[in-house]
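Architecture at a glance
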Amino acid sequence: MIYVEIVLENKTRVTDRIYTYKVDEQYKHDVKIGKRVIVPFGKGNKKRLGIIVNILDEVNFKFELKYIYKIVDKNPIVTTDLIELAFYMRDRYLSDFSSAFQTVLPPGNWKDLEEVYFVNENSINDLDGETYNFFIKPRSYEDIQKKYPNLNITELLENNILKTKYIIKNSIKERKTYFYEYNKNFKLKSIRKNAKSQIKIIDYLKNNGKTEIKKLLKNTSTSSSVLKTLEKKEAIIKIEEVSYGKVIEENEIYKKITLNNEQKEIFNKILKSENNFNLIHGVTGSGKTEIYLHLTEQILKENKSVIILVPEISLTPQTIERFSGRFPNQVAVLHSKLTPTEKLEQWQQIENGDYKIVVGARSAVFAPVKNLGLLIIDEEHDTSYYSEKNPKYNTIEVAEYRTRQNNAKLVLGSATPSIESYYKAKEGYYNLFTIMNRATNSSLPKVNIVDMREELKAGNTSIFSSKLKEALEENLSLGNQSILFLNKRGHTSYIFCRRCGYVEMCQHCDVSMTYHKRSNRLVCHHCGRTKYKPNICPNCGSRYIKEFGAGTEKLEEECRKLFPDANIYRIDGDTNTGKNTYTNLYNKMKNKEIDILIGTQMITKGFDFKDVTLVGIVAADISLNVGDYKSSEKTFQLLTQVAGRAGRGESTGNVFIQTYKPGHYSIMASKNHDYESFYNLEIEYRKRFKYPPFYKLLNIKVSGKNRTQTRLKLFEILRYIQNNIKKEKLKNIEIIGPNPSPVNRINDFFRFDIHFKFEKNDLDFLKIIKRVLIEDEYKINLTGFKLSITVNPISFF
DNA sequence: AGCACGCCGACT
DNA sequence: GTCGGCGTGCTC
């Protein structure tokens with residue numbers, strides 16, 4: 001007897017485990033790991049979709065197992081490597097099986113089952129014509145109820161007039177094309193001489209071979225009924241082929257550039273090194289992309305595949321052009337703007353080996369390439385590499401796992417590496433390569449810091465400092481382009497004093513307090529302490545203390561007032577809706593139809609605007625005061641990236657950073673283009689306050705309709721965890737909470753958090769969490785509650 | 001999450 | 001005597 005272990009398509013935590021089924025003799029040779037199966041499940045033997053993850057010869061169960069109902073796939077739809085990866089993710093990120101598998105399976109293949117009813121061909125006389133025709137196409141129960149509410153389906157099934165089968169709900173259909181081919185074994189004599197059309201078709205197919213139906217009918221000017229006749233006579237054979245739409249336009253060739261000595265050295269070292277993990281720290285414009293392209297070329301020569309990941313936001317036509325322009329017709333693209341069908345088609349073509357290069361956003365790390373040889377993560381510091389949905393994976397860790405599986409090279413690149421990655425490089429876990437100079441010989445921009453407190457003292461309360469205003473005026477008169485950057489995000493804003501720059505901080509934690517509009521209170525997300533919003537500044541006594549939050553829209557308004565003759569263009573989440581927004585923007589910039597471009601993060605990635613000579617960062621403090629352990633890092637990265645947009649052409653760029661905290665180290669370091677000194681300060685802070693990379697973080701969030709009960713539920717969970725920590729004598733685990741979540745209520749659900757800090761190598765702690773919350777050792781009743789676990793959240797709160 | 005089972009009250 | 005409300009417990 002053969003047994004299979006399967007993972008079910010699932011919505012609940014409770015049934016989220018592996019189930020074992022028997023395999024009937026008739027399917028014995030058909031079972032393979034990675035195929036989907038339909039199985040009877042539960043007391044009602046309701047049919048469920050599952051995927052085979054293991055095949056066994058013997059098992060030891062105290063009860064009788066059930067037989068699988070049916071095998072869905074002819075061939076496995078996922079490789080064992082990727083199944084292994086799904087298991088790894090469930091373990092590492094404490095997610096459920098179902099969503100861990102969702103990420104590695106082809107898009108749209110892991111959904112609910114639906115039972116459909118269709119007619120038995122032999123019973124044509126048992127139904128009236130209309131009903132019979134209705135049931136030629138398989139119909140769902142609801143569709144039948146709508147059309148024929150009084151039809152007795154059960155009786156029709158019993159009498160074998162209707163049959164049923166299971167389909168996957170809303171699954172994506174393959175695009176199919178049909179061809180005809182001449183059957184060589186056909187005896188021509190059986191065609192009558194006066195059958196002109198038939199002969200015409202046969203002659204055509206004999207001369208031209210396999211032909212698509214449309215083309216065949218057009219070129220022979222015949223009708224499809226003739227084809228039907230010939231098909232019946234078996235003179236011609238119908239062939240069905242899956243066809244694919246194109247996602248990438250034919251691009252201009254992107255010329256190969258010879259690497260300079262610095263780039264060449266890195267290229268060679270990456271290829272030769274024993275260590276497969278690499279980090280390239282190169283200033284903006286240092287030519288990292290060119291190194292990627294050369295590496296890709298080399299790996300392709302070795303007949304291996306390449307995955308290139310870029311942040312979703314920078315997956316602009318310009319980025320895609322570079323790769324598809326250098327490697328025409330070899331590049332697949334995966335990102336969120338594709339339709340489900342396009343996604344599936346790209347996926348299938350990658351799986352077929354039609355494409356050896358995949359460019360995509362984070363989920364492309366799971367692309368089913370054959371023989372992975374190189375995985376590149378560009379802008380590796382970007383937060384979009386953290387998944388916010390289950391499994392809440394870190395793309396870099398997954399990439400490490402996948403490249404290790406395939407003995408492939410991993411290359412991370414950034415102008416501002418994340419503290420974690422740079423630390424790993426310094427520890428020797430990654431090879432570290434540093435490029436200090438721009439490849440194009442253009443120099444790094446000159447960065448000016450504007451102290452906004454001085455502006456206020458001088459009586460300037462507008463968004464623009466006088467220095468930035470003057471610089472904009474001058475740049476406009478010279479006919480050059482400018483970018484204004486304002487990163488307005490989040491719904492809660494902080495409170496600060498416009499006169500002295502004072503920001504309300506928590507007295508017990510080193511973070512700024514967040515203003516909650518609803519309760520008109522300031523809350524510390526760290527310890528949960530609150531206080532009233534002050535009306536006068538506790539530091540200087542001024543009344544200029546207030547909620548901060550001017551967005552890009554306001555900025556645009558002010559800008560138009562100030563420069564009525566300039567061409568001003570704004571791009572942010574609100575304006576970036578259409579498919580061609582990026583292309584339009586790019587062309588407008590290139591044609592100099594825009595003088596001042598206003599935008600959020602969007603404009604900082606994936607674009608090279610050669611003629612931009614001035615960049616103004618309107619409010620550098622926004623990301624600094626979010627009250628998170630990563631806020632300094634984020635600010636430094638953002639400022640450096642935005643500043644890097646300036647002066648990529650021949651003339652030197654100018655950058656103005658407006659801030660109320662001119663002395664802050666992340667602002668100082670970005671002014672001086674000094675990553676190293678920023679890193680040295682930041683890593684000390686991380687060490688002292690037990691943050692990554694020295695400690696790991698874990699967040700448990702529970703939400704529920706009732707405030708008190710939700711809070712108590714979290715205390716109950718914590719109690720089990722604490723007992724285990726005590727039992728196993730684990731040390732150095734810091735517990736913060738349960739506290740209300742930053743946004744305490746969403747959709748009438750109250751949310752509470754517990755945060756843990758634990759030593760980075762303490763796997764025992766993770767095992768405790770797994771036992772308590774995933775394997776459910778204590779049978780914690782969570783009906784009515786939602787539970788969410790995040791391992792290594794990017795933002796602690 | 002579903003679904004079946006079972007125990008209790010209301011109604012024929 | 002039996003129909004159905006919903007609380008409880010299980011799913012290979």
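Residues numbered from 1 in each chain as written. Chains lettered and ligands numbered in written order. Predicted model: local features only at pLDDT ≥ 70, side-chain atom pairs only at ≥ 80, totals over all residues. Heavy atoms only, no water.

Per an unreviewed UniProt entry, chain A goes by Primosomal protein N and derives from Miniphocaeibacter halophilus.

In this section: the sheet that holds strand β27 (residues 596-599). Taken in spatial order, the six strands of this open sheet run β19-β29-β28-β20-β27-β26, and their pairing is parallel. Two strands lie at the open edges of the sheet, namely β19 (446-451) and β26 (568-571), each paired on one side alone. Along the sheet, successive strands turn relative to each other by an average axial angle of 15°, direction set aside. Relative to strand β29 (residues 654-659), β19 runs parallel, the two being bridged by six bridges. In the sheet register, Ile-449 faces β29, and the bridge partner there is Ile-657. (Pairing = 2+ DSSP bridges. Helix = DSSP H or I, 4+ residues; strand = E, 2+ residues; numbered from the N terminus. Axes fitted to C-alpha atoms, helices over the stretch in contact; angles between N-to-C directions.)

This part takes up the protein's contact with DNA strand C. In the neighbourhood of DNA strand C, 14 residues make up the surrounding shell, with Val-14, Thr-20, Phe-41, Leu-65 and Lys-66 lying closest. For DNA strand C, the backbone portion of the atoms within 4 Å of the protein, that is sugar and phosphate, comes to 44%. Thr-20 has a polar backbone atom sitting 2.8 Å from a sugar or linking oxygen of DNA strand C. In this structure, a phosphate oxygen belonging to DNA strand C sits 3.2 Å away from a side-chain N or O atom of Tyr-21. Elements with a contribution of two residues or more to the surface near DNA strand C: β2 (18-23) and β3 (36-41). With three residues, the single largest contributor to the surface near DNA strand C is β2. Looking at the surface near DNA strand C residue by residue, the classes come out as eight nonpolar, three polar and three charged. (Near = heavy atom within 4 Å. Polar contact = N/O pair within 3.5 Å; in protein donor to acceptor, adjacent residues only side chain to side chain. Nonpolar A, V, L, I, M, F, W, Y, C, P; charged D, E, K, R; others polar.)

Of note, Thr-220 is situated in helix α7 (residues 213-220). Engagement of the side chain of Thr-220 in a polar contact is seen with the side chain of Thr-222, the distance being 2.8 Å. Every residue in contact with Thr-220, bar those within four places of it in the chain, is listed here: Lys-200, Ile-201 and Tyr-204. (Contact = heavy atoms within 4.5 Å.)

Looking now at the packing of helix α6 (residues 196-208) against α7. Between α6 and α7, the shortest axis-to-axis distance is 10 Å and the interhelical angle comes to 120°. Between α6 and α7, the angle falls in the class oblique. For the element pair α6 and α7, the recorded crossing hand is right-handed. Packed against α6, whose contacting residues are Lys-200, Ile-201, Tyr-204 and Leu-205, the element α7 presents Lys-215, Leu-216, Asn-219 and Thr-220 at the interface. In the contact of α6 with α7, the residues fall into four nonpolar, two polar and two charged. (Parallel < 35°, antiparallel > 145°, perpendicular 65-115°, else oblique. Left-handed = near helix turned anticlockwise from the far one by under 90°.)

Our next topic: the pairing of strand β12 (residues 277-282). The buried fraction of β12 is high, at six of six residues. Where burial is concerned, the two faces of β12 agree: the one with Phe-277, Leu-279 and His-281 and the one with Asn-278, Ile-280 and Gly-282 are both buried. Bridge count for β12 against strand β17 (residues 409-414) is five bridges, and the pairing is parallel. Note that in β17 the partner of Ile-280 across the bridge is Gly-413. (Buried < 20%, exposed > 50% of the residue type's maximum accessible area, 1.4 Å probe, protein only.)

In the vicinity of DNA strand B, the contacting residues are Thr-12, Val-14, Thr-15, Lys-43 and Lys-46. A per-class count over the surface near DNA strand B returns one nonpolar, two polar and two charged.

A few words now on the pairing of β2. Where a strand is regular, its side chains alternate between the two sheet faces. The element β2 is extensively covered by neighbouring structure, given that five of its six residues are classed as buried. With six bridges connecting them, strand β1 (residues 2-8) and β2 associate as antiparallel partners. Directly across from Val-7, in β2, lies its bridge partner Ile-18.

Of all the positions in helix α8 (residues 224-232), only Val-226, Leu-227 and Leu-230 are classed as buried. The buried residues of α8 occupy an angular sector of 100° when projected down its axis, which confines them to one face. Along α8, exposed side chains directed more than 90 degrees from the buried face belong to Lys-228 and Lys-232. Of the surrounding elements, those touching the buried residues of α8 are β9 (176-182), α6, α7 and β11 (236-242). One or two steps after α8, the chain reaches Glu-234, where phi turns positive at roughly 60°. (Arc of directions from axis to C-beta.)

Attention now moves to the environment of His-281. Structurally, His-281 is set in strand β12. Sequence separation between His-281 and Ala-364 is 83 residues, and the spatial gap between their C-alpha atoms is 23 Å. For His-281, the contacting residues outside a window of four places in its chain are Ser-414, Ala-415, Pro-417, Tyr-422, Leu-432, Phe-433, Thr-434, Ile-435 and Tyr-675.

Taking 1.5 Å of rise per residue, 14 residues should cover 20 Å, and helix α10 (residues 288-301) covers 20 Å from first to last C-alpha, within 8% of that figure. Taking burial as the measure, the 14 residues of α10 include eleven buried ones, the bulk of the element. Three or more residues of α10 are buried, namely Lys-288, Thr-289, Glu-290, Ile-291, Tyr-292, Leu-293, His-294, Leu-295, Thr-296, Ile-299 and Leu-300. In the stretch just after α10, Asn-303 is the one whose phi turns positive, near 65°. (Expected span 1.5 Å × (residues − 1).)

With that out of the way, let us pick up the packing of helix α9 (residues 261-272) against α10. With their axes 10 Å apart at the nearest point, α9 and α10 run at an angle of 40° to one another. Comparing their axes, α10 and α9 come out oblique. Here the hand of the crossing between α9 and α10 comes out right-handed. In this structure, α9 uses Gln-263, Ile-266, Phe-267, Ile-270 and Leu-271 to contact α10, whose residues at the interface are Glu-290, Ile-291, His-294, Leu-295, Gln-298 and Ile-299. Looking at side-chain class alone, the contact of α9 with α10 contains seven nonpolar, three polar and one charged residues.

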